[in-house]
Amino acid sequence: MDTKHGVKKDVVVEGLKQARERTRFLLERISEEDLVTQHDPIMSPLIWDFGHIGNYEELWLLNKARGKRLSDRELYDMYDPSLHTREERPSLNLLDWASANRYLDGVREAVLATLEETDFDGDNPLLKDGFVYNMIVQHECQHNETMLQTLQLVKGDGYKPVSCVELPAGKTLEEEMILIPEGSFVMGTDDRARALDNERGEHVVDLPDFFIDKTPVTNQAFAEFVEDGGYERSEFWYPSGWEYIKEEGITTPKHWYRDEPDGWRTQRFGFEESLNPNAPVVHVSWYEADAYARWAGKRLPTEAEWEKAASWNPDTDTKRLYPWGDEAPTPQKANLDQLAFRAADVGAYPEGASAYGVLGMIGGVWEWAATDLYAYPGFEAFPYKEYSEIFFGPDYKVLRGGSWATRPPAVRNTFRNWDFPIRRQLFCGFRCTRDS
Ligand SMILES: [Fe+2]
């Protein structure tokens, strides 16, 4: 089953199978009504995500890669995110749960039937080294995280996960910053098997000394900002962020509330619970992260600073795929893969430290960077410009690192996520930097 460049077809099949098992695990216990409801204006109905996962697989693994087609134009259009805004999606004639299941199974069967004769060693850049199969697994994993964002927004009794993986406890850590000495490092990647277009190409970036927080900012630290009037003091805020929080009446991170005499509490899926002081703050916008950083006399890291602290090994002058090295994530190294349904205490994964000793850079929470989303030098849109290119510009801020809700095939040191600076539905937090 192996090919010349080492693509193992049984590994490809297993990756596709595991992604689908997780999609169904997340959706199976949800009522048909909750599947078709739009739980928040910025999210799609879950049943749209489900049909779209199947159609994206048909589009890329059957149509574009192999010239085959199962569905008509109407179905392709319905699940094309660039043709319908999220507001429009609930009113489309979407496949229901039973029909969508049959559709996804049909696509998968046809995909597996073509896999035997797929040539991973030829010149087709989609197939070469398994790129398009990795892209499809990554896409389904990304939608699994999006579905969890939607489930966090379900109103009323909320979504209650059936069982949750236990997490290691972290020690209460003093806030500590780590010096990243000046010098150049290699940013981005030339990998064409797993990396997506916006992660390419490799380029050398020279940075002066800087300090970076050893761990992400905790709930306790953020509560001090809130209690110090952080949301009432315009001097910490970008003018557009200040305007936004005043218009929307935002005075805390999303899902926080105050319950005297118990203090800060939060709604996590269908659970109301005390805020864990040692966990990273989550569901804060870029504006809130940026305001906190100014209040603390610090700033958000640039994307380059984040990537150097996560990926560079100064002893060998080489780059690591993950903060701890090139070995795939394990439950000892990072809180990834969703089944804990929450972030662990900061500092709970000493084995996941980067070469500089920075903790929790992958897993836990996505981390806002100071940087707008732009192309790296030598960027080429591949395989389609709607993946990244249409988002380049000053409207989107970059997030790095992945959260507890990110599945391992969807994350690495070079992976770039992005959203508007007002967004808080992601499992997003941050850490700070300062000049030395
Ligand atoms: Fe998608």
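Residues numbered from 1 in each chain as written. Predicted model: local features only at pLDDT ≥ 70, side-chain atom pairs only at ≥ 80, totals over all residues. Heavy atoms only, no water.

## Topic: the overall build of the protein
In step 1: Of regular secondary structure, the protein possesses 10 helices and 14 strands.
In step 2: Over its C-alpha trace the protein gives a radius of gyration of 22 Å, about what one expects of a compact globule, namely 22 Å for 436 residues.
In step 3: Its C-alpha atoms give the protein principal-axis dimensions of roughly 60 × 55 × 40 Å.
In step 4: Within the protein, counting contacts between residues at least 6 apart in sequence, those at least 24 apart form 77% of the total.
In step 5: Carbon and sulfur atoms make up 49% of the accessible area of the protein, which amounts to about 18600 Å² in all. (Helix = DSSP H or I, 4+ residues; strand = E, 2+ residues; numbered from the N terminus. Rg over C-alpha atoms; globule rule 2.2 N^0.38 Å. Contact = heavy atoms within 4.5 Å. Areas by Shrake-Rupley, 256 points an atom, 1.4 Å probe, with all protein chains shown as cover.)

## Overview of empty space enclosed by the protein
In step 1: Counted by the stated rule, this structure contains two cavities of 30 Å³ or more.
In step 2: By volume, the largest cavity is sized at about 290 Å³.
In step 3: If you go around the largest cavity, you meet 22 residues; those closest to its centre are Thr266, Arg268, Glu273, Val282 and Ala343.
In step 4: Breaking the lining of the largest cavity down by element, the ones donating at least two residues are strand 6 (263–268) and strand 7 (271–274).
In step 5: Class assignment of the residues belonging to the lining of the largest cavity gives a composition of 10 nonpolar, eight polar and four charged.
In step 6: Size it by volume and the second largest cavity reaches roughly 150 Å³.
In step 7: Asp345, Tyr349, Gly360, Gly363 and Gly364 are the residues nearest the centre of the second largest cavity, which is lined by 17 residues in total.
In step 8: A breakdown of the residues in the lining of the second largest cavity according to their chemical character gives 10 nonpolar, five polar and two charged. (1 Å grid on protein atoms, 1.4 Å probe; cavity = no way out; pocket = protein on both sides within 12 Å on 5 of 7 lines; lining within 4 Å. Points joined across faces, edges and corners; volume = space filled by probe spheres on them. Nonpolar A, V, L, I, M, F, W, Y, C, P; charged D, E, K, R; others polar.)

## A look at the packing of helix 3 (residues 46–66) against helix 6 (residues 131–152)
In step 1: For the pair helix 3 and helix 6, interaxial distance at closest approach is 10 Å and the crossing angle is 175 degrees. Taken together, helix 3 and helix 6 sit at an angle that is classed as roughly antiparallel. Here helix 3 contributes Leu46, Trp48, Asp49, Phe50, His52, Ile53, Tyr56, Glu57, Trp60, Leu61 and Ala65 to the contact with helix 6, which in turn contributes Val132, Tyr133, Met135, Ile136, His139, Glu140, His143, Thr146, Met147, Thr150 and Leu151.
In step 2: Of the residues that constitute the contact of helix 3 with helix 6, the class distribution is 14 nonpolar, five polar and three charged. (Axes fitted to C-alpha atoms, helices over the stretch in contact; angles between N-to-C directions. Parallel < 35°, antiparallel > 145°, perpendicular 65-115°, else oblique.)

## Topic: the coordination of the iron ion
In step 1: Taken together, the protein donors to the iron ion comprise His52 (NE2), His139 (NE2) and His143 (NE2), at separations of 2.2 Å.
In step 2: For the iron ion, the single-chain donor residues occur in sequence as H-x86-H-x3-H. Residue His52 is located in helix 3, and its partner His143 is located in helix 6; the two are separated by 91 residues in the primary sequence.
In step 3: Taking relative accessible area as the criterion, His52 reaches 4% and is therefore assigned buried.
In step 4: Given a relative accessible area of 12%, His143 falls into the buried group. (Donors = N, O, S within 2.8 Å, 3.2 Å for Na, K, Ca; no water. Buried < 20%, exposed > 50% of the residue type's maximum accessible area, 1.4 Å probe, protein only.)

## A closer look at the sheet that holds strand 10 (residues 366–373)
In step 1: Strand order in this open sheet of four strands is 12-11-10-13, and the pairing throughout is mixed. Only two strands of the sheet have a single partner each, and these edge strands are strand 12 (417–419) and strand 13 (428–429).
In step 2: Alignment of strand 11 (residues 393–400) against strand 12, held across three bridges, turns out to be antiparallel. Bridge assignment links Val398 to a residue of strand 12, and that residue is Trp418. (Pairing = 2+ DSSP bridges.)

## Here's the deal with the side chain of Arg320
In step 1: By secondary structure assignment, the location of Arg320 is in the loop between strand 9 (318–319) and strand 10.
In step 2: For the buried Arg320, which has no salt bridge, the nearest side chain bearing the opposite charge is Asp326, at an N-O separation of 6.7 Å.
In step 3: In contact with Arg320, other than residues within four places in its own chain, are Ser311, Asn313, Gly325, Asp326, Ala353, Ser354, Ala355 and Asn413. (Lys, Arg positive; Asp, Glu negative; His and termini not counted. Salt bridge = Lys/Arg side-chain N within 4 Å of Asp/Glu carboxyl O.)

## Brief notes about the pairing of strand 7
In step 1: Across four bridges, strand 6 lies against strand 7 in antiparallel orientation. Note on strand 7: the bridge partner recorded for Arg265 is Ser274.
In step 2: The turn joining strand 6 and strand 7, which pair antiparallel and follow one another in sequence, is formed by two residues; a positive phi near 50 degrees is taken by Phe269.

## Details of helix 7 (residues 219–227)
In step 1: For helix 7, every residue scored as buried is listed here: Asn219, Ala221, Phe222, Ala223, Phe225 and Val226.
In step 2: Structurally, helix 7 contributes buried residues whose contacts are with strand 5 (256–259), strand 6 and helix 9 (286–295).
In step 3: Looking one or two residues beyond helix 7, the residue adopting positive phi is Gly229, at roughly 80 degrees.

## So, the pairing of strand 4 (residues 210–213)
In step 1: Direction of pairing for strand 1 (residues 177–180) relative to strand 4: antiparallel, over a ladder of four bridges. Note that in strand 4 the partner of Ile178 across the bridge is Ile212.
In step 2: In terms of strand pairing, strand 4 meets strand 14 (residues 433–435) through three bridges, oriented antiparallel. Directly across from Ile212, in strand 14, lies its bridge partner Thr433.

## Focus: the sheet that holds strand 7
In step 1: Judged by pairing direction, the sheet is antiparallel, and its three strands sit side by side in the order 5-6-7 without closing on themselves. Each edge of the open sheet is held by one strand with a lone partner, namely strand 5 and strand 7. Each strand of the sheet is rotated relative to its neighbour by a mean of 35 degrees, with strand direction disregarded.
In step 2: In the packing of helix 7 onto the sheet, the strands contacted are strand 5 and strand 6, and the crossing angle to strand 5 comes to about 70 degrees.

## Considering the packing of aromatic side chains
In step 1: Applying the stated criterion across every chain, the model contains 38 aromatic pairs.
In step 2: Ring centres of Tyr292 and Trp295 lie 5.4 Å apart, and the angle between their planes is 50 degrees; on these two criteria the pair is classed as tilted. In this pair, Tyr292 and Trp295 both sit in helix 9, three residues apart, roughly one turn of the helix.
In step 3: A relative accessible area of 4% places Tyr292 in the buried class.
In step 4: By relative accessible area, Trp295 is classed as partly exposed at 22%. (Phe/Tyr/Trp six-rings, centres within 6.5 Å; stacked < 30°, edge-to-face > 60°.)

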